[in-house]
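Each chain is listed here by its residues.
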Amino acid sequence: MSAKQNQRPASKQGSGVVGQPLNRVDGRLKVTGGARFAAEFPHDQMAYAVLIGSTIANGRIKGFDTSAAKRVPGVLAIITHENAPKLRPVATNPAEGDAAGRRVPLQSPVIYYHGQYIAVVVAETLEQTQQAAALVRVSYDEQPPAADMERERGKAYPPKGKVAGKPADTMRGNTDTGLAAANVRVDEIYRTPTEHHNPMEPHATIAVWDGDKLTIYDATQYTYGVRHAMATTFGVPEENVRCICKFTGGAFGCKGTVWSHVSLAAAAARVARRPVKLVTTRQQMFSNMGHRAETEQHVVLGATRAGKLTAIVHEGLSHTSTFDEYVEPFSKATHMLYACDNFKASQRLVALNVGTPTYMRAPGETSGMFALESALDELAYKLNLDPIQLRLVNYADTDPDTKLPWSTKLLKECYRTGAEHFGWARRKPAPRSMRDGRYLLGLGMATAVYPVNHFPSSARVRIQSDGSAIVESSTHDLGTGTYTVLTQIACETLGLPPERVEVIIGDTNLPKAMVSGGSSTVMSVGSSVQGAARAALAKLVETARADTRSPLYGASADQIVASDGRLALKSNDARGETYRDTLARAGMKEVEGSYDTEFNDKEKKFSSHAFGAQFAEVRVDPDFGEVRVTRFTGVFDIGRVMNMKTGQSQMKGGIIMGIGMALMEETVLDTNSGRLVNRDLAEYHVPVHADVPQLDVVLLENFDEHASPIGAKGAGEIGIVGAAAAVANAVYHATGVRVRELPITLDKLLGKGALA
Amino acid sequence: MNPFTYKRATDEADAVREVANGKNAKFLGGGTNLVDLMKMGVETPDELVDINRLALKRIEQTPQGLRIGALASNSEVANHRLVREQFPVLSEAILAGASPQLRNMATVGGNLLQRTRCYYFMDTSFPCNKRVPGSGCSAIPGFNRIHAILGASDKCIAVHPSDMCVALAALDAIVRVAGPAGARQIPLVDFHRLPGDTPQIETNLRPDELIVAVDLPNSPFARRSRYLKIRDRAQYAFALVSVAAALDVQQGRINAARLALGGVAHKPWRALDAEKVLTGARADAQTFRAAAEAALKGAQPQQHNAFKVELARRAIVRLLTEVAHETKGGAA
Ligand SMILES: Cc1cc2nc3c(=O)[nH]c(=O)nc-3n(C[C@H](O)[C@H](O)[C@H](O)COP(=O)(O)OP(=O)(O)OC[C@H]3O[C@@H](n4cnc5c(N)ncnc54)[C@H](O)[C@@H]3O)c2cc1C
Ligand code: SF4
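Given the structure is predicted, the values throughout are model-derived calculations rather than measurements.

What counts, and at which threshold
Residues numbered from 1 in each chain as written. Chains lettered and ligands numbered in written order. Predicted model: local features only at pLDDT ≥ 70, side-chain atom pairs only at ≥ 80, totals over all residues. Heavy atoms only, no water. Helix = DSSP H or I, 4+ residues; strand = E, 2+ residues; numbered from the N terminus. Rg over C-alpha atoms; globule rule 2.2 N^0.38 Å. Buried < 20%, exposed > 50% of the residue type's maximum accessible area, 1.4 Å probe, protein only. Contact = heavy atoms within 4.5 Å. Areas by Shrake-Rupley, 256 points an atom, 1.4 Å probe, with all protein chains shown as cover. Lys, Arg positive; Asp, Glu negative; His and termini not counted. Charge placed at Lys NZ, Arg CZ, Asp CG, Glu CD. Buried area = accessible area lost by both parts, 1.4 Å probe. Salt bridge = Lys/Arg side-chain N within 4 Å of Asp/Glu carboxyl O. Near = heavy atom within 4 Å. Nonpolar A, V, L, I, M, F, W, Y, C, P; charged D, E, K, R; others polar. Phe/Tyr/Trp six-rings, centres within 6.5 Å; stacked < 30°, edge-to-face > 60°. Domains from an automatic or database assignment. Polar contact = N/O pair within 3.5 Å; in protein donor to acceptor, adjacent residues only side chain to side chain.

Enquirer: Hey, could you run me through the overall build of chain B in this one?
Expert: Counting secondary structure elements, chain B contains 13 helices and twelve strands. Taken over C-alpha atoms, the radius of gyration comes to 20 Å for chain B, in line with the 20 Å a tight globule of 332 residues would show. In terms of overall dimensions, chain B has a C-alpha envelope of 60 × 50 × 35 Å along the principal axes. Put simply, chain B has 332 residues, and 60% of those count as buried. If you take every contact in chain B between residues at least 6 apart in sequence, the share linking residues at least 24 apart comes to 64%. Carbon together with sulfur atoms contributes 51% to the accessible area of chain B, which is approximately 13100 Å² in total. Each charge class in chain B can be summarised by its mean position, and for the 42 positive and 32 negative side chains these summaries are 4 Å apart.

What follows is the structure, encoded as structure tokens:
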């Protein structure tokens with residue numbers, strides 16, 4: 001299907017605002033400090049909680065000495081496993097494999113990882129709390145930790161649950177036969193390190209009890225999830241818990257599940273009988289809110305001389321904690337990306353004394369596609385084929401895994417447009433063949449893919465008697481632009497300008513939305529907003545038609561269109577009236593429409609994915625091996641683009657994170673003690689401005705009606721997928737050195753001795 | 001964090017008196033290092049003596065060279081016209097460090113005394129001889145990619161993280177200090193110490209002495225001095241290896257040379273052996289390679305930082321080549 005065929009008019013009715021690069025509607029609030037984040041809600045009588053983390057990675061607590069801490073003025077409570085209230089375990093999400101640390105905090109003296117919370121101190125002021133926390137003495141019975149995947153590899157085990165919905169060992173066709181038939185093979189090991197999400201806003205919770213009613217302000221991607229978890233943990237009905245989160249200062253997955261500080265804040269508030277504010281430290285975020293697990297991936301490709309893949313094997317290890325099972329599903333995208341009859345995937349886990357890993361932006365695809373797309377690049381060199389050509393030879397016209405047709409797939413256009421924008425034709429194929437003065441220049445590319453995920457969700461739209469509208473759903477804006485895009489979607493249906501629409505989100509008193517994860521929010525909640533807006537408008541139309549005093553009296557509903565805050569006849573715009581008139585005359589304050597979007601994923605007729613092509617140019621200092629990305633082009637098919645600006649920003653953010661993954665991000669454990677050594681942003685490097693070149697992002701036009709009613713495919717995650725591989729492939733092209741272990745720091749190039 | 005009292009010093013004597021009276025007090029400069037370490041429980045002063053009101057911010061020309069007040073901010077020094085003209089290596093070194101926000105806060109005195117970024121030093125749950133003498137060094141058997149390759153001991157392999165100090169080492173800077181016993185001067189190269197058996201004693205400054213200024217002696221060839229820093233990202237990262245160099249080249253021969261390395265040792269590392277190789281030799285690639293060899297002679301890498309040895313050699317050759325090219329008289 002071509003882009004043309006998929007095109008839909010931007011708006012059948014209304015202002016055509018969807019797709020426009022509308023500025024963020026919450027932008028002014030944010031830059032003026034008016035946007036209130038979880039930790040910023042004032043409360044009378046607020047007390048402060050500080051968490052104490054274990055200084056050992058494995059063992060037991062022998063005892064606490066809290067005598068000095070208790071003497072600090074203002075201390076209200078010191079809660080440890082010895083005196084903590086009973087907290088009930090929460091069934092975690094997802095059912096198959098945990099991603100939130102199922103273990104209930106402060107219920108036993110056993111230590112599983114460095115930084116694990118072992119006590120909560122509550123006091124009148126933050127300073128008193130910190131001082132008291134520093135005075136708590138802990139004695140441990142320390143055991144040697146399992147802190148090195150390499151050292152523990154002998155204990156690797158098959159996951160008990162599934163790997164991204166599939167058995168851990170899967171085979172399609174027969175890879176042995178496939179490999180036997182191959183003329184050329186690539187057989188390599190690729191490694192990705194532990195990485196952390198590091199959103200700007202730390203995790204933070206304010207807990208306020210009123211009898212057995214709990215209000216919780218939380219930095220989260222999932223208000224209803226927090227509500228459910230707190231109700232379960234404290235044994236109160238769900239209606240008794242209200243979770244509020246108006247803005248989330250970045251998340252990338254680490255705020256998608258409910259980590260134990262949330263229940264500890266609520267427990268502290270209950271014990272201290274005060275509203276309690278708890279803000280975690282950056283260091284605590286490295287231990288307790290998940291991370292992208294380390295992987296060791298073995299990729300074997302077999303191909304004919306023409307480049308046709310005869311077999312793909314993608315197998316290997318990732319780590320999990322000693323008490324939960326989270327599988328980093330690196331083989332996920334390999335099931336479906338390239339046409340190949342013989343495919344085998346196999347994943348094993350190694351349990352380490354670390355906190356439980358979790359989803360991090362494009363979990364699975366991000367690490368897996370580094371390996372697969374590096375291997376494809378290696379194959380292209382062996383075959384003397386252009387890397388894009390190799391991908392086209394193996395282009396999948398239907399989903400090789402499910403055998404379903406694609407809902408839409410503009411991947412060929414992504415390659416073509418990307419190659420054009422990037423100037424791929426200027427690339428000389430041989431490694432080390434291009435220079436920029438002293439520097440070695442390299443150009444590399446990779447494919448990006450991310451599945452369409454959507455969740456049931458609800459929204460309510462109320463058209464007000466003043467002619468404005470209010471949109472409500474308990475979804476989240478992680479900085480991604482949810483407020484803005486929902487505004488646009490409502491505007492489109494309601495025929496209102498953005499300033500007449502107010503979006504209210506992040507409150508479990510509002511209609512339910514699921515986790516803002518898996519790039520699902522706009523597809524899911526956006527579709528509900530569209531449905532609710534249509535329902536509200538239909539009621540308004542009914543009101544007008546039924547009112548003898550209305551110029552639209554008696555007109556048939558399908559003859560009436562909404563635009564500029566007016567209902568009017570399609571055939572005669574002069575015959576109509578404003579929403580305000582309709583409602584005022586009817587004496588109504590508002591009309592309300594609600595919509596619950598359901599997705600039938602059981603009887604899927606299409607396979608739906610977002611696609612993209614990533615192109616990186618790097619400059620490598622031949623003496624030092626310092627790599628800098630000098631140009632980057634990413635072209636994506638994300639279905640309908642709801643807002644050109646926020647959509648592009650998502651891609652840019654993903655690419656920047658991918659550059660970080662390629663060149664610098666790595667969490668380091670001290671393998672002797674199991675302690676994290678670089679748990680702050682001075683030592684854990686993410687890209688700074690100087691590391692990021694001008695990013696050229698193109699979003700193709702598309703409308704994927706099978707992916708979601710609003711035509712979108714999801715934008716939050718695909719930007720990072722393949723970005724690291726594109727950089728790594730460019731580094732090989734520049735230097736002739738293949739680095740298969742991220743990040744590509746200069747020592748890995750220098751060490752090879754292959755530079756000048 | 002421990003509770004502490006805060007006092008604002010009115011003049012130098014007041015500041016020195018306050019710290020000398022045995023109250024476990026510390027001077028507060030920009031606070032960009034000290035306050036962080038206090039939050040981590042690494043530094044636990046009972047009193048902070050804020051010196052920011054003292055008249056020590058001036059940067060002035062003297063007959064002997066430039067005098068930089070200890071409270072001049074890193075930004076002010078780096079962007080000062082006289083510094084940029086006469087001692088460009090210092091400006092380049094400072095601008096290669098930290099971020100603009102930090103440089104606006106950081107002072108010259110604080111930069112001289114900033115403490116190592118050794119991970120194990122900054123986390124009080126690890127044994128560390130520098131923090132708790134005799135407790136052991138966690139970096140030697142641990143993750144030591146950022147650690148020293150020169151002049152380390154079996155007690156400590158930490159590096160001094162400053163960029164500014166590397167330039168100062170190459171420029172023969174003099175640190176002027178005031179203490180209860182009066183004023184004295186300490187050459188920069190003698191200011192910091194190697195770890196030996198006492199890594200907890202990092203400088204030859206006494207705890208109650210106040211840094212008041214840094215003097216940069218006139219030197220014609222310092223005008224063409226340069227700094228090269230190699231790091232894990234383009235900005236805002238400490239040096240893996242850095243080099244400060246100045247050459248006086250006449251008709252292709254090196255009359256005088258200054259060379260210092262950062263990121264390699266417990267102190268800014270003045271490469272005197274390399275300078276000997278350079279002095280009197282032809283300014284050519286062979287000489288520069290020989291100098292690099294001399295500078296790294298005796299290097300003892302750890303498990304994760306062997307790359308620094310080769311990296312430092314290459315950085316030296318690169319920078320000397322560039323400085324020679326830019327120098328009047330040119331390379332041979
Ligand atoms: C994230 C981060 C990145 C950084 N990156 C770099 C980098 O790349 N390169 C680099 O070189 N530096 C870097 N720095 C370090 C920075 O340069 C230092 O923190 C700064 O120079 C310290 O100066 P200050 O005035 O803030 O010192 P303070 O924190 O105020 O003091 C440091 C020490 O000096 C003492 N002191 C201060 N002034 C005097 C005085 N006049 N006399 C006697 N004692 C005094 C204090 O008592 C204290 O012990 C970085 C820092 C951070 C936080
Ligand atoms: S290298 Fe020095 S500072 Fe680091 S742990 Fe060892 S003794 Fe402490």
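On we go from here.
Enquirer: Mind showing me how you'd approach the interface of chain A and chain B here?
Expert: Many descriptions give the size of an interface as the accessible area lost when the pieces come together. The interface of chain A with chain B comprises 36 residues on the first partner and 32 residues on the second. Interface area, chain A with chain B, both sides summed: about 2800 Å², of which 56% is carbon and sulfur. One can count six salt bridges joining chain A with chain B. A salt bridge links B:Arg318 to A:Asp621; its shortest N-O distance comes to 2.7 Å.

Enquirer: Could you clarify how one ought to interpret the pattern of salt bridges in this entry?
Expert: Close approach of charged atoms allows side chains of opposite charge to pair. Here the structure, examined in full by the defined rule, presents 68 salt bridges over all chains. A salt bridge links A:Arg348 to A:Asp169; its shortest N-O distance comes to 3.1 Å. Of this pair, A:Arg348 sits in strand β15 (residues 343–352) while A:Asp169 sits in strand β7 (residues 169–172); the two residues are 179 residues apart in sequence, bridging distant segments of the chain. Given the relative accessible area of 42%, A:Asp169 is considered partly exposed. Of the charged contacts in the structure, one is a salt bridge between B:Arg270 and B:Glu275, with a shortest N-O distance of 2.5 Å. Residue B:Arg270 shares its accessibility class with B:Glu275, and that shared class is buried. In this structure, a network of salt bridges that share partners links the residues B:Lys7, B:Asp14, B:Arg17, B:Glu18, B:Lys23 and B:Glu47.

Enquirer: Explain the site of ligand 2 here, please?
Expert: Surrounding ligand 2, one finds 14 residues, the nearest of these being B:Cys118, B:Cys128, B:Cys137, B:Cys156 and B:Ile157. Of the residues belonging to the shell around ligand 2, the class tally is nine nonpolar, three polar and two charged.

Enquirer: I would appreciate a short explanation of the packing of aromatic side chains in the present structure.
Expert: Given two aromatic rings, one states the distance between the centres and the angle between the planes to describe the pair. By the definition in use, this model includes 17 aromatic pairs over all chains. Ring centres of A:Tyr381 and A:Tyr732 lie 4.7 Å apart, and the angle between their planes is 70°; this geometry places the pair in the edge-to-face category. Pair noted here: A:Tyr381 is in helix α10 (residues 365–383) and A:Tyr732 is in helix α17 (residues 723–735), with a separation of 351 residues, a long-range link. Exposure remark for A:Tyr732: the relative accessible area of 17% places this residue in the buried category. In textbook terms, an aromatic cluster arises when at least three aromatic residues are bridged by ring pairs, as seen for B:Tyr119, B:Tyr120, B:Phe126 and B:Phe143.

Enquirer: What exactly am I supposed to notice about the domain arrangement of chain B here?
Expert: Along its sequence, chain B is organised into domain 1 (5–52) and domain 2 (225–331). Using C-alpha coordinates to define each centre, domain 1 of chain B is positioned 36 Å away from domain 2 of chain B.

Enquirer: I tried to follow the side chain of A:Gln347 on my own but got confused; where do I start?
Expert: Residues and elements named next belong to chain A. Position of Gln347 among the secondary structure elements: in strand β15. At 3.1 Å, the side chain of Gln347 and the backbone nitrogen of Phe330 are in polar contact. Polar side-chain contacts of Gln347 include one of 2.8 Å to the side chain of Ser331. Those residues within four positions of Gln347 in sequence are excluded, and the remaining contacts are Pro158, Pro159, Val163, Ala168, Gly316, Ser318, Val327, Glu328, Pro329, Phe330 and Ser331.

Enquirer: What's the story with the domain arrangement of chain A in this structure? I'm lost.
Expert: All names here are of chain A. Splitting chain A by domain gives domain 1 (14–35 + 455–598) and domain 2 (402–453 + 605–751). A straight line from the C-alpha centre of domain 1 to that of domain 2 covers 36 Å. Of the residues lining the interface, 23 residues belong to domain 1; the matching set on domain 2 comes to 22 residues. Carbon and sulfur atoms supply 55% of the area buried between domain 1 and domain 2, which totals about 1700 Å² over both sides.

Enquirer: Sorry if this is basic, but what is going on with the site of ligand 1 here?
Expert: Every one of the 34 residues lining ligand 1 counts as a neighbour, but B:Phe27, B:Gly31, B:Thr32, B:Leu34 and B:Thr107 are closest to it. In this structure, ligand 1 is bordered by residues of chains A and B. Measuring from an oxygen atom of ligand 1, one finds a side-chain N or O atom of B:Thr32 at 2.6 Å. Between B:Ala237 and ligand 1, the recorded distance is 3.5 Å, taken from a backbone N or O atom to an oxygen atom. Coverage of ligand 1 by the protein amounts to 96% of the 970 Å² it exposes when considered alone. Those elements that place two or more of their residues in the shell around ligand 1 are β2 (25–28), α2 (34–39), α7 (108–112) and β8 (210–217) of chain B.

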